[in-house]
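Okay, here's what each chain looks like letter by letter:
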Amino acid sequence: MINYRKTIQLSLIAGGLLAGGMVLQACEEEFLDRKPLSDLTTANFYTTAEDALAALNAAYDPLQWDVHSRMDWIFGDVVGGDTDKGSTDDQDYAEILQFQYFTQVASAPLLMDFWSQSYDGVYRANLVLERVPEIEMDETLKARILGEAKFLRAQYYFDLVKAYGRVPIITSVLNPDEVFVARPASIEENWNQMEQDLREAIEVLPESYSGADVGRATKGAARALLAKSLLWQSTPEGCAETPWATQDQYEEVVELTNAIINSGNYRLMPDFEELFLLEGENSPEIVFAVQAVGGTGGWASENDGVMLNQWLSPRTADISGWGFSTPIGPNTPDNYGGNPDIKVNNIYEAFEPCDPRLEYSILEPGDEINGLTYAASWSRTGYSIQKFLIPEDQLTGAGNSPLNIPLIRYADVLLWNAEALNELGRTEEALESLNAVRKRARESLPGATCPEAVTSVSQAELRDIIIQERRRELAFEGHRFFDLVRTCRASEVLNAMGRPFQVGKNELFPIPQAEIDRNPALQGDQNPGF
């Protein structure tokens, strides 16, 4: 498993205040507090293979920051209606509540965090791609390092595009007088850059790693991220154009996902619960994950652990969690938060009662956690997330969890495969991938009788079944809001549960106002409605 910080000699070196070539004026104090400074400079650093690997590890490092340990559950699960912001009251981290009810403004600090940290990753990947080619070293290793950097750049850009739509494309290390870059005229330009990086990465990345390199980007990870980006550019029948749409790419999604399926490198693990425990890390079901290593430093961003366990654990004197992102279920108090519709189409009742994934995903009164019996009073909604919670004696400090965060699982790949096949009218073929996911869920718990295999359905029926299956299988993994938007379901689903989603406005988040204020090239190009 990669220990990002242990092998990093380089943080940002000479360009330390640049993120993706952009000056992070709004975040400078936090930025300097978080990242170790080095006496090295870009002039004397990039000379050996060890330097190249250290720079590459630095490019992986932002994956551990807030984008995936905090923003994924806010933007994906809270905004997507599967959870409430949680914690003790509406005023505790009230900014999340604004996102929950679509009243966020462009000046929201969360938006700047997401933007700056993602571009920090882009910048670090650009450093690798610009400086490593000149190093005299083993050419096979060099090609792999450059392939990993291209994968990472595509991942950081995917994070940006899913949140903001069109974003400035920066593919080199810029001087301070060059950093004011405009958004491209079309989202297609963003996708084209990601696709180019991923296609080139596929050519040079290995199928797998061993030893300390486990967790690095593989050929399968690059294929999967490419398939995901192509799926997001496509729109199902009956769906109006989404902010990410270009043209339907379902044929290549099938080709790429079939290549992953047929590679033999991945499989569904028999125990669903184990995927979210330490013993399930980097199993054959994990295509790509944020690698976490506990016990490697101090609090939060000073270490190689992640804070997801801290954010999500129940809030009670007996457990160290903060209790954010709490699932909504039938026992959530009526008119909770002044919203009488909050329990409509809730995540708890989306599961069949006999589906083992319900037990493994949601904590409810009477369940056991850390040797304690869960009480409804530990969450304002009466429920907590079970996924990602490991025993507290496995933590190195409350905010330093060693548990990896999966970004792409093989089950996700199978569901993309089913979705693309169904959109191509190959509905019977699509059932094989869908039913493989359902079979594993059913067999995760001895004696479970559901979910049963799906047979003899129409294309339209299967389209609904697949999106519901994604909701159950990938619950609380940060996908729900974006699945609703890219399939044109957000208004119908969220409005019914009292979330005032507006078509034409709330599909994307606003570009951070601080970026618009300081970058003349962005002025007058805010997302619609903000």
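This one's a predicted model, so the numbers in the text were calculated from it and none came from an experiment.

(A) Up close: the overall build of the protein. The helix and strand tally for the protein stands at 19 helices and 12 strands. In terms of principal-axis extent, the alpha carbons of the protein reach across some 60 × 50 × 50 Å. For the protein, the residues scored as buried account for 61% of the 530 residues in total. Once local pairs closer than 6 in sequence are excluded, the contacts in the protein between residues at least 24 apart make up 72%. Of the roughly 18800 Å² of accessible surface on the protein, 48% is carried by carbon and sulfur atoms.

(B) View of the nonpolar core. Core analysis: the largest hydrophobic core is formed by 157 residues, its most contacted members being Trp73, Phe75, Trp115, Phe151, Tyr164, Phe481 and Phe509. No other element matches the 13 residues that helix α7 (residues 139-164) contributes to this core. Apart from the residues within four sequence positions on either side, Phe509 is in contact with Phe75, Val79, Phe99, Gln104, Leu111, Ala163, Tyr164, Phe481, Phe482, Asn527 and Phe530.

(C) Region of interest: the confidence of the model for the protein. On average, the protein scores 90 in pLDDT, and the residues at 70 or more come to 91%. Long-range and interchain partners of residues 6-38, a stretch whose pLDDT sits below 50, account for 85 contacts in this model, where long-range means more than four residues apart.

(D) Local environment of empty space enclosed by the protein. In this structure the tally under the stated criterion is 9 cavities of 30 Å³ or more. If you add up the space inside the largest cavity, you get close to 200 Å³. Lining the largest cavity are 21 residues, and of these Phe158, Lys162, Lys228, Leu407 and His479 sit closest to its centre. Counting residues per element, the ones that place at least two in the lining of the largest cavity are α4 (66-78), α7, α9 (219-232), β12 (405-409), α14 (410-423) and α17 (480-486).

(E) Region of the structure containing the state of the cysteines. Under the criterion given, the structure shown has 2 disulfides. Covalent S-S linkage joins Cys239 and Cys488, the inter-sulfur distance amounting to 1.9 Å. Taking the torsion about the sulfur-sulfur bond, which here is approximately 65°, the covalent link between Cys239 and Cys488 counts as right-handed. Linking Cys239 in the loop between α9 and α10 (250-262) with Cys488 in the loop between α17 and α18 (490-496), this pair joins segments that are 249 residues apart in sequence.

(F) Geometry of helix α15 (residues 427-443). In this model, α15 (17 residues) spans 24 Å end to end at C-alpha, consistent with the 24 Å of a helix rising 1.5 Å per residue. Considered for burial, the residues of α15 that qualify are Thr427, Ala430, Leu431, Ser433, Leu434, Asn435, Val437, Arg438, Arg440 and Ala441. Tucked into the core, α15 has its buried residues touching α10, α13 (356-361), β12, α14 and α16 (459-473).

(G) Just the packing of aromatic side chains, in detail. Considering all chains together, one arrives at 30 aromatic pairs under this definition. Taken together, a centroid distance of 5.9 Å and an interplanar angle of 90° make the contact between Tyr93 and Phe324 edge-to-face. Note that Tyr93 is positioned in the loop between β3 (83-86) and α5 (94-100) and Phe324 in strand β7 (residues 324-327), a separation of 231 residues in sequence. With a relative accessible area of 21%, Tyr93 lands in the partly exposed category.

(H) Seen up close, the packing of α7 against helix α8 (residues 187-204). The N-to-C vectors of α7 and α8 enclose an angle of 150°; their axes lie 8 Å apart at closest approach. Judged by the inter-axis angle, α7 sits roughly antiparallel to α8. Two packed elements cross with a definite hand, and for α7 against α8 that hand is left-handed. Packed against α7, whose contacting residues are Ala143, Arg144, Gly147, Lys150, Phe151, Arg153, Ala154, Tyr157, Phe158 and Val161, the element α8 presents Ile187, Asn190, Trp191, Gln193, Met194, Asp197, Leu198, Glu200, Ala201 and Val204 at the interface. Partitioning the contact of α7 with α8 into residue classes produces 12 nonpolar, 3 polar and 5 charged.

(I) The arrangement of the side chain of Glu507 in detail. Mapped onto the fold, Glu507 is located in the loop between α18 and α19 (513-518). One buried charged residue, Glu507, forms no salt bridge at all, with the nearest opposite charge on Lys505 at 9.9 Å. Here Gly504 takes part through its backbone nitrogen, which lies 2.8 Å from a polar atom of the side chain of Glu507. Within polar-contact distance, the side chain of Glu507 engages the backbone nitrogen of Lys505 at 3.1 Å. Among all residues touching Glu507, those that are not within four sequence positions of it are Pro243, Trp244, Phe481, Val485, Phe501 and Gln502.

(J) Unusual backbone geometry, seen in detail. Here the residue pair Cys450 and Pro451 is connected by a cis peptide bond, since its omega of 5° sits within 30 degrees of zero. Mapped onto the elements of the fold, Pro451 is located in the loop between α15 and α16. For Asn345, which is not glycine, the phi torsion reads 55° and is therefore positive. Along the chain, Asn345 turns up in the loop between β7 and α12 (347-350).

(K) Structural context of the pattern of salt bridges. Taken as a whole and assessed by the stated rule, the structure comprises 42 salt bridges. In this structure, Asp525 engages Arg183 in a salt bridge whose closest nitrogen and oxygen atoms are separated by 3.6 Å. Here Arg183 lies in the loop between α7 and α8 and Asp525 lies in the segment after α19, a separation of 342 residues in the sequence. Using a relative accessible area of 8% as the deciding quantity, one classes Arg183 as buried. A salt bridge links Glu477 to Arg409; the shortest N-O distance between them is 2.8 Å. Taken as a pair, Glu477 in the loop between α16 and α17 and Arg409 in strand β12 lie far apart in primary sequence, 68 residues in all. Both residues of the pair, Glu477 and Arg409, belong to the buried class. Via salt bridges that share partners, Glu285, Asp355, Arg357, Lys387, Arg409, Arg438, Arg440, Glu469, Arg472, Glu473 and Glu477 belong to a single interconnected network.

What counts as what
Residues numbered from 1 in each chain as written. Predicted model: local features only at pLDDT ≥ 70, side-chain atom pairs only at ≥ 80, totals over all residues. Heavy atoms only, no water. Helix = DSSP H or I, 4+ residues; strand = E, 2+ residues; numbered from the N terminus. Buried < 20%, exposed > 50% of the residue type's maximum accessible area, 1.4 Å probe, protein only. Contact = heavy atoms within 4.5 Å. Areas by Shrake-Rupley, 256 points an atom, 1.4 Å probe, with all protein chains shown as cover. Core = buried A, V, L, I, M, F, W, Y, C linked by side-chain atoms within 4.5 Å. pLDDT = per-residue confidence, 0-100. 1 Å grid on protein atoms, 1.4 Å probe; cavity = no way out; pocket = protein on both sides within 12 Å on 5 of 7 lines; lining within 4 Å. Points joined across faces, edges and corners; volume = space filled by probe spheres on them. Disulfide = S-S within 2.5 Å. Expected span 1.5 Å × (residues − 1). Phe/Tyr/Trp six-rings, centres within 6.5 Å; stacked < 30°, edge-to-face > 60°. Axes fitted to C-alpha atoms, helices over the stretch in contact; angles between N-to-C directions. Parallel < 35°, antiparallel > 145°, perpendicular 65-115°, else oblique. Left-handed = near helix turned anticlockwise from the far one by under 90°. Nonpolar A, V, L, I, M, F, W, Y, C, P; charged D, E, K, R; others polar. Lys, Arg positive; Asp, Glu negative; His and termini not counted. Salt bridge = Lys/Arg side-chain N within 4 Å of Asp/Glu carboxyl O. Polar contact = N/O pair within 3.5 Å; in protein donor to acceptor, adjacent residues only side chain to side chain.

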